[in-house]
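Per-entry structural report
Here is what each chain is made of, one letter per residue.
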Amino acid sequence: MGKPPNLYAFPSADELAPSLRTFVLDAQNAAIERHNVFRVGVSGGSLPQVLAKALLVESNGDGKVQFDKWHIFFADERAVPLDHQDSNYRLVKKEILDKIPKGMGTPTVHPIDVKYLDDVQEMADQYEKTLVGAFAARDSVKLPLFDLLLLGCGPDGHTCSLFPGSPLLREVDAWVLPISDSPKPPPKRITLSLPVAYHGIRIGFVATGAGKKDIMKQIFDTEEGAELPCGLVNTKGEDRVSWFVDYPAIEGVAFPARRGSL
Ligand SMILES: O=C1O[C@H](COP(=O)(O)O)[C@@H](O)[C@H](O)[C@H]1O
């Protein structure tokens, strides 16, 4: 058994945001110092709204968000046009990119190539090439090591678009995988593979609301939960993984949470 993940709990999403900010800024600063760029993978779902609360605020002396140094990739994406209501890009744009105040800089964003909406295998291959360009050319690595992955946890324990029981969880070579039959709509998607997810240099999960409490209990308190996609990231990512949750999301969870602090 490796080192356990960190579980940080706060009364509400608003109270969670400053600690999430500190976590992201620490990852940003370490990455910029190491290679002068911050490569971050973001999820859709409920995450972008909480992330906006963490990032799009005045610095209170804890450091600056340097969006000019950010390269934003998608931990998963739905095979829909970029302005479609199901698009994770659209969500991140609406919640964060369109609201970045002047002076925080402009990130480089890497959306999917919508030329391949009808061919998710090709879309995944092309997105993998985007990652090869951004990571391998620079670092000659076998896997893209994201400076930070910001992940969500679905009520079934899925993360990225890696769903419980999916054969995709066994993939060891590909960095980006296609999905044609996602149990959650829309069915066609691409996703980072599990090894890419758990090799993140830092991995932050955000889970808020009472709708997450049953799955959180399963992931943190049961052996079966460790086999769910979120549980697998916990096991393999060990203490590189930090969860930011509100109290309703961990009601009844026995695993020890640090309450109200990072
Ligand atoms: O379908 C998806 O769901 C997950 C979880 O979403 P949440 O709303 O329960 O936070 C999300 O992380 C992923 O990016 C998205 O495509």
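Presented here is a report on the structure given in the accompanying data block. (Residues numbered from 1 in each chain as written. Predicted model: local features only at pLDDT ≥ 70, side-chain atom pairs only at ≥ 80, totals over all residues. Heavy atoms only, no water.)

By nearness alone, 15 residues border the ligand, and Gly44, Ser46, Asp76, Arg78 and Lys184 come closest of all. Gly44 has a polar backbone atom sitting 2.8 Å from an oxygen atom of the ligand. Separating an oxygen atom of the ligand from a side-chain N or O atom of Lys212 is a distance of 3.0 Å. Contact with the protein chains removes 93% of the 390 Å² of surface that the ligand exposes when unbound. In terms of residue class, the shell around the ligand is built from two nonpolar, eight polar and five charged. (Near = heavy atom within 4 Å. Polar contact = N/O pair within 3.5 Å; in protein donor to acceptor, adjacent residues only side chain to side chain. Areas by Shrake-Rupley, 256 points an atom, 1.4 Å probe, with all protein chains shown as cover. Nonpolar A, V, L, I, M, F, W, Y, C, P; charged D, E, K, R; others polar.)

Below, the discussion takes up the sheet that holds strand S8 (residues 189-192). The sheet built from three strands is open, its strands ordered S4-S8-S7 with antiparallel pairing. Only two strands of the sheet have a single partner each, and these edge strands are strand S4 (76-78) and strand S7 (176-179). When the angles between neighbouring strand axes are averaged without regard to direction, this sheet yields 15 degrees. Both S4 and S8 contribute to a ladder of three bridges, which runs antiparallel. Paired with Glu77 across the two strands is Ile190, which belongs to S8. (Pairing = 2+ DSSP bridges. Helix = DSSP H or I, 4+ residues; strand = E, 2+ residues; numbered from the N terminus. Axes fitted to C-alpha atoms, helices over the stretch in contact; angles between N-to-C directions.)

Another aspect to go through is the sheet that holds strand S5 (residues 108-109). Strand order in the open sheet formed by eight strands is S5-S3-S2-S6-S9-S10-S1-S11, with parallel pairing between adjacent strands. Two strands lie at the open edges of the sheet, namely S5 and strand S11 (258-259), each paired on one side alone. Alignment of strand S6 (residues 148-152) against strand S9 (residues 203-207), held across four bridges, turns out to be parallel. Directly across from Leu149, in S9, lies its bridge partner Ile203. Contacts between helix H2 (residues 47-55) and the sheet are confined to strand S2 (38-42), strand S3 (70-74), S6 and S9, with S6 contributing the most and set at about 130 degrees to the helix. (Contact = heavy atoms within 4.5 Å.)

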